Amino acid sequence: MGSGQWHVEKRSTLRNDSFVKEYGSVPETGCLSIVVLGASGDLAKKKTFPALFNLYRQGFLNPDEVHIFGYARTKLSDEQLRDRIRGYLVDEKNAEALSKFLKLIKYVSGPYDSEDGFQRLDNAISEHEVSKNSSQGSSRRLFYLALPPSVYPFVCKMIKACCMNKSDLGGWTRIVVEKPFGKDLESAEQLSSQIGELFDESQIYRIDHYLGKELVQNMLVLRFANRFFLPLWNRDNIENVQIVFREDFGTEGRGGYFDEYGIIRDIIQNHLLQVLCLVAMEKPISLKPEHIRDEKVKVLQSVVPITDEEVVLGQYEGYRDDPTVPDDSNTPTFATTILRIHNERWEGVPFILKAGKALNSRKAEIRIQFKDVPGDIFRCQKQGRNEFVIRLQPSEAMYMKLTVKQPGLEMQTVQSELDLSYGQRYQGVSIPEAYERLILDTIKGDQQHFVRRDELKVAWEIFTPLLHRIDKGEVKSIPYKPGSRGPKEADQLLEKAGYLQTHGYIWIPPTL
């Protein structure tokens, strides 16, 4: 630039996902094509299409902009696919909305590893975009991979080769991938590398539906918007934290699939570990997705290696009766493991992750147990400690267990609760399904509730050594009876970790 002269440079019109992430949402123009790969499978029928229908009913998918494409190997007509999913989209109050939604769905069949089918898919998408008078490069393409991870690399290559949208005019291409993201650190990193060679991290949305649950999403608000929690949320006041997932049924015909993974890979390494991050993370400097995900990674990096002495595995009696399960299977259907976080806030506080099938109840919850009251003048510690419980499912609720005076003339104490039950407090308010929220986040370009690559890597680093020892038979699964609490050794481990069970108190969801 010469002396005394101004140089004016025309700014680029590029508007990519990183710009949106840094400076806020940019108004998006052009039509939206949502492609469900694996459209004839169970996940698509039971979760993906119902979520899209609910978004449509609530006005989040504009019929003048949106078209939905199903893709799978099964040879079907458009109408046959619509008939397959119709039963999962029942809306007796609004049959007209259902009919209009189904008309938005078009089907293309083809293999997952050949360009022929994906060229036909691209032609169908382009035809839709032209019909909406969308200028080239301004449309939006979302690919939802409702598929097993083994085909992700092939499918992503085909999308990259045949179906990408040019993004120089504000359009975008995003892909959603389902768990499991590998079986251990090596396979997860290999999968991440294969997809990462084709797409930028800002285009990849690794979905964990637990991050879409209403009360999981409430965690940051609870922790950082309520003053009375701030001084309590640390090792000085909290004795232990439990994150629990319980099912009252077994593998129900999917024993062969489940046996490849087990309860740790299926539930603990992803769902429960994500919840732990939100419970234990430090306050982010803002609500921008990258700031939140940075703090989650820091927590995971602070987790010390798991020792076998702080793990109990179980397998329910009858699990091996499934003909698809090997007779000598050691795959756990139950696991309790203790994670310890080496940082200033949580040093010495056990985080107990517990998940199991064929147990005596069905629930998922976070249970934060506080330390004993020093100088117990009421001698009521035997009744139990204060606990803050967040019930994720069913009957979404938050309640605080506390000791109060029992009504009457005598000074007797009893455990009761301060209760926020969503069904009672928010009557008539529909709590969205996790998949609805996460698909909408993908459309908006908000990656806050999705797993970043470095986060995924650290999560696998925590559990891979234990998983390899289990696979080698070095850590054995203990038999337990279906309909029980699981192996008694798990309760003994909790007691050893400092958890004090409350006897005689049962939380009862309030009636409307």
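Residues numbered from 1 in each chain as written. Predicted model: local features only at pLDDT ≥ 70, side-chain atom pairs only at ≥ 80, totals over all residues. Heavy atoms only, no water.

### Looking at empty space enclosed by the protein
The tally for this structure, following the rule as stated, stands at four cavities of 30 Å³ or more. Each pocket or cavity is described by its volume, and for the largest cavity that value is around 110 Å³. In this structure, the largest cavity is lined by 14 residues; those nearest its centre are F181, Q269, N270, L456 and A459. Contributing elements (two or more residues each) for the lining of the largest cavity: helix 10 (255-280) and helix 14 (453-471). Examining the composition of the lining of the largest cavity, we find that five residues originate from one element, helix 10, more than from any other. Each residue belonging to the lining of the largest cavity can be placed in one class, and the counts come to seven nonpolar, three polar and four charged. Lining the second largest cavity, in full, are Y152, V177, F181, A188, L191, S192, I195, I204, R206 and L456. (1 Å grid on protein atoms, 1.4 Å probe; cavity = no way out; pocket = protein on both sides within 12 Å on 5 of 7 lines; lining within 4 Å. Points joined across faces, edges and corners; volume = space filled by probe spheres on them. Helix = DSSP H or I, 4+ residues; strand = E, 2+ residues; numbered from the N terminus. Nonpolar A, V, L, I, M, F, W, Y, C, P; charged D, E, K, R; others polar.)

### Observations regarding the layout of surface pockets
Taken as a whole, the largest pocket holds about 1,700 Å³ of empty space. Secondary-structure elements contributing two or more residues to the lining of the largest pocket are helix 2 (42-57), strand 7 (238-246), helix 10, strand 12 (387-393) and helix 13 (434-444). Residue composition of the lining of the largest pocket, by class: 23 nonpolar, seven polar and 19 charged. Approximately 520 Å³ is the volume attributed to the second largest pocket. Only strand 7, strand 11 (363-370), strand 12 and strand 13 (397-405) provide two or more residues apiece to the lining of the second largest pocket. The class makeup of the residues in the lining of the second largest pocket is seven nonpolar, five polar and nine charged.

### Section: the side chain of H449
Within the secondary structure layout, H449 lies in the loop between helix 13 and helix 14. Among the polar contacts made by the side chain of H449, one reaches the side chain of Q217 at a distance of 3.2 Å. Beyond its immediate chain neighbours, meaning those up to four positions away, H449 contacts L211, Q217, L438 and D441. (Polar contact = N/O pair within 3.5 Å; in protein donor to acceptor, adjacent residues only side chain to side chain. Contact = heavy atoms within 4.5 Å.)

### As for the pairing of strand 13
Each regular strand displays side chains that alternate between the two surfaces of the sheet. Pairing of strand 12 with strand 13, which is carried by five bridges, proceeds in the antiparallel orientation. Bridge pairing links I390 to M398 in strand 13. (Pairing = 2+ DSSP bridges.)

### A closer look at the confidence of the model for the protein chain
Low-confidence regions, as indicated by low pLDDT, have predicted coordinates that should not be scrutinised in detail. Overall, the predicted model of the protein chain reaches an average pLDDT of 85, with 89% of residues at or above 70. Mean pLDDT per element in the protein chain: helix 1 (residues 17-23) is the minimum at 44, and strand 9 (residues 334-340) is the maximum at 97. Ignoring residues within four places in sequence, the model shows residues 1-27, a span with pLDDT below 50, making 23 contacts including any to other chains. (pLDDT = per-residue confidence, 0-100.)

### Considerations on the packing of aromatic side chains
Taken as a whole and judged by the stated rule, the model has 16 aromatic pairs. Centroid distance Y56 to F101: 5.6 Å. Interplanar angle 50°. Geometry classified as tilted. Note that Y56 is positioned in helix 2 and F101 in helix 4 (residues 95-103), a separation of 45 residues in sequence. The pair formed by Y56 and F101 is uniform in burial state, with each residue classed as buried. Between Y257 and Y261 the ring centres are 5.1 Å apart and the planes differ by 40°, which places this aromatic pair in the tilted class. Taken as a pair, Y257 and Y261 lie in helix 10 at a separation of four residues, close to a single helical turn. Through successive ring pairs, a cluster of aromatic residues spans F258, Y316, Y319, F334 and Y480. For the cation-ring pair, R174 lies above W172, with the distance from its terminal atom to the ring centre recorded as 3.8 Å. (Phe/Tyr/Trp six-rings, centres within 6.5 Å; stacked < 30°, edge-to-face > 60°. Buried < 20%, exposed > 50% of the residue type's maximum accessible area, 1.4 Å probe, protein only. Lys NZ or Arg CZ within 6 Å of the ring centre and 35° of its normal.)

### Some thoughts on helix 5 (residues 115-131)
When the terminal C-alpha atoms of helix 5 are compared, their 24 Å separation across 17 residues agrees well with the 24 Å that a helix rising 1.5 Å per residue should span. Along helix 5, the positions that sit buried rather than exposed are G117, F118, L121, D122, A124, I125, H128 and E129. Each buried residue of helix 5 lies within a common arc of 160° when the element is viewed along its axis, so the set occupies one face. With respect to the buried face of helix 5, the exposed residues turned more than 90 degrees away are D116, E127 and V130. (Expected span 1.5 Å × (residues − 1). Arc of directions from axis to C-beta.)

### Side note on the packing of helix 3 (residues 78-86) against helix 4
The interhelical angle for the contact between helix 3 and helix 4, taken along N-to-C directions, is 140°, at an axis separation of 10 Å. As the angle between them shows, helix 3 and helix 4 are arranged oblique. Relative to helix 4, the crossing made by helix 3 is right-handed. Across from R82, I85 and R86 in helix 3, the residues of helix 4 making contact are L98, L102 and K103. Across the contact of helix 3 with helix 4, the residue classes tally to three nonpolar, no polar and three charged. (Axes fitted to C-alpha atoms, helices over the stretch in contact; angles between N-to-C directions. Parallel < 35°, antiparallel > 145°, perpendicular 65-115°, else oblique. Left-handed = near helix turned anticlockwise from the far one by under 90°.)

### Looking at the pattern of salt bridges
Pairs can form between side chains of opposite charge once their charged atoms are near each other. Applying the stated criterion across every chain yields a total of 33 salt bridges. Ionic pairing is found between E290 and R452, a salt bridge with its closest N-O pair at 2.6 Å. Within this pair, whereas E290 is found in helix 11 (residues 289-301), its partner R452 is found in the loop between helix 13 and helix 14, the two being separated by 162 residues in sequence. Between E387 and K401 there is a salt bridge; the shortest N-O distance is 3.1 Å. Pair noted here: E387 is in strand 12 and K401 is in strand 13, with a separation of 14 residues, a long-range link. Residue classification places K401 among the buried positions, given a relative accessible area of 3%. (Salt bridge = Lys/Arg side-chain N within 4 Å of Asp/Glu carboxyl O.)

### Structural notes on the packing of helix 10 against helix 11
Between helix 10 and helix 11, the least distance of the axes is 9 Å, while the angle of their chain directions is 105°. By the angle class used here, helix 10 and helix 11 are roughly perpendicular. Contacts between helix 10 and helix 11 involve L273, Q274, L276, C277, L278 and A280 on the former and, on the latter, K296, V299 and L300.

### A short note on the sheet that holds strand 4 (residues 140-145)
The sheet built from six strands is open, its strands ordered 3-2-1-4-5-6 with parallel pairing. Looking along the sheet, the strands with just one partner apiece sit at the ends: strand 3 (105-109) and strand 6 (204-207). When strand polarity is set aside, the average angle formed by the axes of neighbouring strands in this sheet is 20°. Bridge count for strand 1 (residues 32-37) against strand 4 is six bridges, and the pairing is parallel. Looking at strand 4, one finds that L37 is bridged to L145.

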